[in-house]
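Structural features, examined
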Amino acid sequence: GKGFKPAEESATEWHAPGKFNKETGQRIIVRKLDEPQLYQDVFGHTLVELAEKDERIVGVTPAMPSGCSMTYMMKAFPDRAFDVGIAEGHAVTFAAGLAAAGLHPVFAVYSSFLQRGFDQMIHDVNLMHLDVLFAVDRAGLVPGDGETHQGIYDTGYFSQIGIPVYSPCNYAELEYWLEALVKTMRGPRAIRYARGEEKPALAALGCTGKPYDMLCGADKADTVLVSYGAETEEILAAAELLRHQGMAVDCCKLVQVYPLPDGLCRQLSNYKTILFAEESVATGGIGQQLCTALQAAGWQGRFILRGVDNTHLLHATVPQLRRDQGLDAHTLAQDVLTRN
């Protein structure tokens, strides 16, 4: 913003201002106080509530306090929340040091920026099994920011090094699993959630507290659509399209995406066709791991995988990105119909 007076006077506000009039400096799209809360707000408020009951909880973020809503923690507990600047690798190691000293650090970061700290995740946190919780914001496909900000790699690299990953699809699940991960689970672990606000179809699912939920239709089905996080919205819509075509289809929504939940492969092996859709890279993602696990268990059905092709990503909205990547409901339904 150097040379533009409004940006020079309010750097944080103008870091990502959206559309604005370059002559007057008036922002065209400004978030209002009465607008719906976002996933990041639910995370931030829940973290403060947990920190009020446990003084060992501390927050860490690398120059993303407002974007990740660590600002709530900073305001409530200024001595227990740290913005270390644009230094993701250092932030991971700093969190590891806090954990080694007996504290419970929660490290809030965008998915696309966490990859800058991958080496430190392996050597400073994971190999020593330190108690660091990674709160991964902007997970999955991200609107408007282009290919640099897509949160499509974290499930792959977390699972590669053995860090458990949870991916809630709505606010209720985010609150429940964040509390569970802070209170009852130790060691390196991660919770990932989308940018923006929850979708009505996902809010309606509530939270069962189970690592995965079977969302079954009325008839006995031999096809199941599987996903996690925000992409769950698309498999629900795809299942409805298939039912209109006269096909009995079930859905399976994962919250614990790594390691694969106990009993999942056994339950899914009852189906002849499994479609797995995820807003993560297809190569090395959760879908490939599920396919391998099913085959190792002796399942011989048809497995359809839809993931992200990271060789090209548009600067677009999430619905447009899903259509481009074949992760929209219509394409998923066609995958099942044409491959049967």
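Residues numbered from 1 in each chain as written. Predicted model: local features only at pLDDT ≥ 70, side-chain atom pairs only at ≥ 80, totals over all residues. Heavy atoms only, no water.

1. Things to note about the pairing of strand S1 (residues 57-61)
To be explicit about the condition: Relative accessibility decides the category of a residue: with a 1.4 Å probe and only protein chains considered, values under 20% of the type maximum give buried, values over 50% give exposed, and everything between is partly exposed. Helix numbers and strand numbers start at the N terminus; a helix is a DSSP run of H or I with at least 4 residues, a strand a run of E with at least 2. By the convention used here, strands pair only if DSSP detects at least 2 bridges between them.
Among the 5 residues of S1, 5 are classified as buried, and the element is accordingly described as predominantly covered. Alternating residues of S1 divide into Ile57, Gly59 and Thr61 and Val58 and Val60, and every residue in both groups is buried. In this sheet, strand S3 (residues 104-110) lies alongside S1 in parallel orientation, the contact comprising 4 bridges. Paired with Val60 across the bridge in S3 is Phe107. As judged from the 3 bridges shared by S1 and strand S2 (residues 81-83), these two strands associate in the parallel manner. What sits directly across from Thr61, in S2, is Asp83.

2. Quick notes on the nonpolar core
Formally: Each nonpolar core is a collection of buried residues, namely Ala, Val, Leu, Ile, Met, Phe, Trp, Tyr and Cys, held together in the definition by side-chain atoms within 4.5 Å. We call two residues contacting when some pair of their heavy atoms lies within 4.5 Å.
The biggest cluster of nonpolar side chains holds 76 residues, and the ones touching the most others in it are Leu114, Phe134, Phe158 and Leu268. Sequence-distant contacts of Phe134, that is, excluding residues within four places in its chain, are made with Val92, Phe107, Leu114, Met121, Val125, Phe158, Ile163, Arg189, Ala190 and Ile191. Grouped together as the second largest cluster of nonpolar side chains are 23 residues, Leu141, Leu225, Ala316 and Leu332 included.

3. Focus: the pairing of strand S4 (residues 133-137)
For S4, a buried count of 5 out of 5 residues is recorded, marking the element as mostly surrounded by other parts of the structure. Bridge analysis of S3 against S4 gives 5 bridges, and the strand direction is parallel. Looking at S4, one finds that Val106 is bridged to Leu133. Pairing of S4 with strand S6 (residues 189-192), which is carried by 4 bridges, proceeds in the parallel orientation. Looking across to S6, one finds that Phe134 is bridged to Ala190.

4. Concerning the pattern of salt bridges
The cut-off we apply is this: We count a salt bridge whenever a side-chain nitrogen from Lys or Arg sits within 4 Å of a carboxyl oxygen from Asp or Glu.
This structure, assessed with the given rule, holds 16 salt bridges. In this structure, the salt-bridge partner of Arg322 is Glu231, at a minimum N-O distance of 3.4 Å. With Arg322 in helix H13 (residues 318-325) and Glu231 in the loop between strand S8 (223-228) and helix H10 (232-244), this pair connects stretches of sequence that are 91 residues apart. Here Arg322 matches Glu231 in class, with each residue buried. Notably, a salt bridge pairs Asp335 with Arg306, separated by 2.7 Å at the nearest N-O pair. With a gap of 29 residues between them, Asp335 in helix H14 (residues 329-339) and Arg306 in strand S12 (residues 302-308) connect regions that are remote in the sequence. Its relative accessible area of 5% is what places Asp335 among the buried residues. Counted as one network, the salt bridges with shared partners bring together Glu231, Glu233, Glu234, Glu279 and Arg322.

5. Quick look at the sheet that holds S1
Filter applied, for reference: Where helices are involved, their axes are fitted lines through C-alpha atoms of the stretch in contact, as for all axes, and angles between N-to-C directions lie from 0 to 180°.
Read across the open sheet, the 7 strands follow the order S2-S1-S3-S4-S6-S5-S10; overall the sheet is mixed. If you trace the sheet from one side to the other, it starts and ends with S2 and strand S10 (256-258), each paired once. Sheet strands in contact with helix H4 (residues 88-100) are S1, S2, S3 and S4, and its direction is about 165° off that of S3.

6. Brief notes about the packing of helix H2 (residues 39-53) against helix H8 (residues 171-183)
Convention followed: Less than a right angle of anticlockwise turn of the near helix away from the far helix marks a crossing as left-handed, whereas a clockwise turn marks it as right-handed. Gly is placed with the polar residues, together with every amino acid not listed as nonpolar (Ala, Val, Leu, Ile, Met, Phe, Trp, Tyr, Cys and Pro) or charged (Asp, Glu, Lys and Arg).
It is the contact of H2 with H8, at a shortest axis distance of 10 Å, that shows an interaxial angle of 35°. The hand of the H2/H8 crossing is right-handed. For the pair H2 and H8, contact is made by Tyr39, Val42, Phe43, Thr46, Leu47 and Leu50 and by Tyr171, Leu174, Glu175, Leu178, Glu179, Val182 and Lys183, respectively. Here the contact of H2 with H8 is built from residues that sort into 9 nonpolar, 1 polar and 3 charged.

7. Thoughts on the sheet that holds S12
Strand order in this open sheet of 5 strands is S7-S9-S8-S11-S12, and the pairing throughout is mixed. In this open sheet, the two strands that pair with only one neighbour each are strand S7 (212-215) and S12. Neighbour-to-neighbour, the strand axes of this sheet turn through a mean angle of 15°, independent of strand direction. Together, S7, S8, strand S9 (249-254) and strand S11 (273-281) form the strand contacts of H10, whose direction differs from that of S9 by roughly 175°.

8. Things to note about the packing of aromatic side chains
For clarity, the cut-off: Here a Phe, Tyr or Trp ring, Trp counted by its six-membered ring, pairs with any other such ring whose centre lies within 6.5 Å, and the pair is stacked when the planes are under 30 degrees apart, edge-to-face when over 60, and tilted otherwise. Criterion for a charge above a ring: Arg CZ or Lys NZ at most 6 Å from the ring centre, at most 35 degrees from the ring normal.
Overall, the coordinates contain 13 aromatic pairs when judged by the stated rule. An angle of 80° between the planes, with centres 5.0 Å apart, marks the rings of Tyr39 and Tyr171 as edge-to-face. Of this pair, Tyr39 sits in helix H2 while Tyr171 sits in helix H8, and the two are 132 residues apart along the sequence. Residue Tyr39 is classed as buried on the basis of its relative accessible area of 3%. We classify Tyr171 as buried; its relative accessible area is 11%. Here Trp299 and Phe303 contribute two aromatic rings whose centre-to-centre distance is 6.5 Å and whose plane-to-plane angle is 80°, an arrangement assigned as edge-to-face. Residue class for Trp299 comes out buried when judged on its relative accessible area of 10%. Its relative accessible area of 18% is what places Phe303 among the buried residues. A connected cluster of aromatic rings, assembled from ring pairs, spans Phe107, Phe118, Phe134, Tyr157 and Phe158. The lysine or arginine in question, Arg80, covers the ring of Phe77, its NZ or CZ lying 4.3 Å from the ring centre.

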